[in-house]
Every structure is written in C-alpha cells, then in structure tokens.
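# Overview (structure and organization)
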Amino acid sequence: VDLFLFSGAKPAKPLRLLFVHHSSGGQLFADKGAENERANCILETHPNGGGLRKRLTGMGYEVHEASYGSEVGDKTDLFDWKPKFSQKMEKVLTVDENDRFLAAGKKHDVVLFKSCYPNNRFVTRGEGPGDPAGPELTVVNAKATLRALLDDFKKHPDTLFVYVTAPPNAPPGSERAFKVVLKKLTGKPTAAEAARERGQLARELNQWVVASDGWLKDYPLKNVAAFDYYDVLTGQGRSDLTLYPTGDGTDEHPSSEGNTKAAEAFPELLNRAVRRAGLSD
C-alpha cells in the first residue's frame, strides 16, 4: 500500500521464495523457447515464457515452485487458498518442489500464490458480506475469502505473502448471427455482452485488491502485498479483457509479450515489499 516509500533495488541478502501456481504461472516463470517441462506446469522454457524466474534468481532469490499434482501445488482456485493456508501452512513454508521438501530448519521468506484465469469469470457481484468458502464465484465471496487469508498470514509475520491476481479472460470468438438474434429475443446476453460484464466484475475485484482503501486497508502488519498481473495484461485499464491472448485470440494463457511485461514489472514491486516487510536489510 505504501511500497513506493521503499527501494526497488535487489535485496541486500539472499531470500528463499516459493511460487504456488498452475499453467499461466509456470509460463510467466519460464524463459521463452520450445516447451520444456521439468514437472507438472513447472517449465524451463515455453513459447509463452516471460522469464520471471531468471530475473528473480539474478536478484539473489532462491526460487522454488509447487504446481499441479502435488500436495501444496494442487488446487489453486480462489476458494482453495483458505483451507490450504489454514491447514497446510507448515508444508507451504517448507516445500522445495512439488512433494519434495527443504532440508530441516529451512523455510521460505517469500510465498507467491496465484489462481488461474477461470477465477475472473464472475457470475455476479453478489450481496452481503460474502462467504469465504464460496462456492459461487461472486465478487463479494472473492473479497471474503481474501480477507479470511489475512488471519493466517498474521500468524507468520516473518514471511512475506504476495498475492498475484488471476490473469484476465480473453474476448470471445465470433458468435453466429442467428445465436445473437435468438439471445436478443429471449433476453439473454450475447457472448460479447457476457464477457464484458465478467470483465467489469474482474476489474472491480482486482482494483480492490491493490487499492489503498481495499484489501489491506485495516491489516496491521507489513507482510502481505499484491501484484496486479490482471492489470498488466489488460493494459492498465485499456480493456477489462486480456490484450495478450494466445491461440486464435480466445486462449487466456498470456502470450510471451504479456508475460514479459509482467516479468519486467514484478521484481521492483517484490523488492519494495521485501523491504517493507523488514526482510532485506
């Protein structure tokens, strides 16, 4: 929230870092190149690679990952984070890669965690305080589950937790004219209208995550930060849908160009957050 009061230079000492992610996170970390997978969604290279792992290791971070098929890395939807951090925090803090763990006595200084793009497919804004367990993907339920995480993070003031917002949805493909007409006649939204509404709801949530009067407004510690991956990939508000799709333009996995922009922006924010948390100097 007040990160710009701190230096964005690399930390003064090596720090151990874990990234819990699935496919888009693996591609963000990977270098650009032919697909070379070390483990499920832990990639050395990929055509959509952004090169973030190399940038972080070059700044002195010791990088670890957990992804699909492992106890810590499996289940990364919004409503999965609360049970994961509540019930498996010790394993989160000590995992090396997937189901392999660090040597006794070692733990992570920084934990990055990210959900994938389906978590921006909101069905409605919702009402009331929201339910941290969901399961309906509404904006109020998403806010409730993120707020609930802060109680778990508060118990570990010497670890920095960084929430990386989910990537945006892609524009829908062209819809046949007769379907558009039929939907208009029956009062249903067209694919383009539905995508626009989901994008507006996604913008609402992700702006709240990083706003000064949002997610962290009343959090008393300095060990939580957020990186708005969604905002980078939507051109900082030029769209509410991705500007960097892949495939035929409807695949939400960000392109190498989009991931590279995120990889360029992320380290400075992380370094500032590390200093704010008192982990660097």
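In the block above lies the structure referred to throughout.
A brief report on the enclosed structure follows. Starting afresh in each chain, residues are numbered from 1 along the sequence in its written order. Local features in this predicted model are restricted to residues whose pLDDT is 70 or higher, and side-chain atom pairs enter the listing and the counts only when it is 80 or higher, whereas totals over whole chains, interfaces and linings include all residues. As a rule here, side-chain values come from all non-hydrogen atoms in the structure, and water together with hydrogens is ignored.

### A closer look at the sheet that holds strand 4 (residues 42-46)
To keep things clear, this is the line we draw: Criterion used throughout: strands pair if DSSP finds at least two bridges between them. Going along the chain from the N terminus, every DSSP run of H or I of four or more residues is numbered as a helix, and every run of E of two or more is numbered as a strand.
Spatial ordering of the open sheet is given by 2-4-3, a layout of three strands whose pairing is mixed. The sheet terminates laterally at strand 2 (31-32) and strand 3 (36-39), the two strands that pair on one side only. The pairing of strand 2 with strand 4 spans two bridges and is classified as parallel. The partner of D31 across the bridge, within strand 4, is T45.

### Brief notes about the nonpolar core
Just so we agree on the cut-off: Buried residues of nine kinds, namely Ala, Val, Leu, Ile, Met, Phe, Trp, Tyr and Cys, make up a nonpolar core once their side-chain atoms join them within 4.5 Å. Only protein chains enter the accessibility calculation, which uses a 1.4 Å probe; a residue is then buried when its area is under 20% of its type maximum, exposed when over 50%, and partly exposed in between. Contacts were defined at the residue level, with two residues in contact if any of their heavy atoms lie within 4.5 Å.
Ranked by internal contacts, the top residues of the largest apolar core, which has 35 residues, are F85, L146, F153 and W215. If you list the elements that add at least two residues to this core, you get strand 1 (15-20), helix 3 (81-87), helix 4 (89-94), strand 8 (110-114), helix 5 (139-154), strand 9 (160-164), helix 7 (191-210) and strand 10 (224-227). At six residues, the largest contribution of residues to this core is made by helix 5. Setting aside residues up to four positions removed in sequence, L146 forms contacts with L78, Y163, L205, W208, V209 and W215. Formed by 29 residues, the second largest nonpolar core is a distinct cluster that contains L3, F19, V164 and L270.

### Remarks on the pairing of strand 1
Successive side chains on a regular strand alternate, one facing one side of the sheet and the next facing the other. Of all six residues that make up strand 1, six are buried, and the element is covered over most of its length. Neither face of strand 1 is exposed, since L15, L17 and F19 on one face and R16, L18 and V20 on the opposite face are all buried. Inspection of the sheet shows strand 1 paired to strand 5 (residues 61-66) by six bridges, in the parallel sense. Note that in strand 5 the partner of L15 across the bridge is Y61.

### Here we look at the pairing of strand 4
Two strands pair when backbone bridges link them, and strand 3 and strand 4 are joined in this way by three bridges, in the antiparallel orientation. Paired with E37 across the bridge in strand 4 is L43. The loop that links strand 3 with its antiparallel partner strand 4 comprises two residues; one of these, C41, has a positive phi angle of about 60°.

### Considerations on the pattern of salt bridges
Here is the rule: Salt bridges are identified by distance alone: a Lys or Arg side-chain nitrogen within 4 Å of an Asp or Glu carboxyl oxygen.
This structure, assessed with the given rule, holds 18 salt bridges. Put simply, E62 and R16 hold a salt bridge, and the shortest N to O gap is 3.2 Å. Of this pair, E62 sits in strand 5 while R16 is found in strand 1, placing the two residues 46 residues apart along the sequence.

### Quick look at helix 9 (residues 256-276)
Here is the rule we go by: Expected span of a helix: the number of residues minus one, times 1.5 Å.
Taking 1.5 Å of rise per residue, 21 residues should cover 30 Å, and helix 9 covers 30 Å from first to last C-alpha, within 8% of that figure. Trailing helix 9 by a residue or two, G278 shows a phi angle of about 80°, which is positive.

### What about the packing of aromatic side chains?
Short version of the rule: What counts as a ring pair is set by centres within 6.5 Å for rings of Phe, Tyr and Trp (its six-membered ring), and what kind of pair is set by the plane angle: stacked under 30 degrees, edge-to-face over 60, tilted for all other angles.
Tallied over the entire structure, the rule returns eleven aromatic pairs. The interplanar angle of 75° and the centroid separation of 5.1 Å between the aromatic rings of F85 and F113 together place this pair among those described as edge-to-face. Here F85 is found in helix 3, whereas its partner F113 is found in strand 8, with 28 residues between them in sequence. The same class applies to F85 as to F113, namely buried. For the pair F153 and F161, a centre-to-centre distance of 4.2 Å together with 15° between the ring planes defines the contact as stacked. We note that F153, like F161, is buried. Put simply, the rings of W81, F85, F113, F153, F161, Y163 and W215 pair up and form one aromatic cluster.

By themselves, these figures tell us nothing about what the structure is for.
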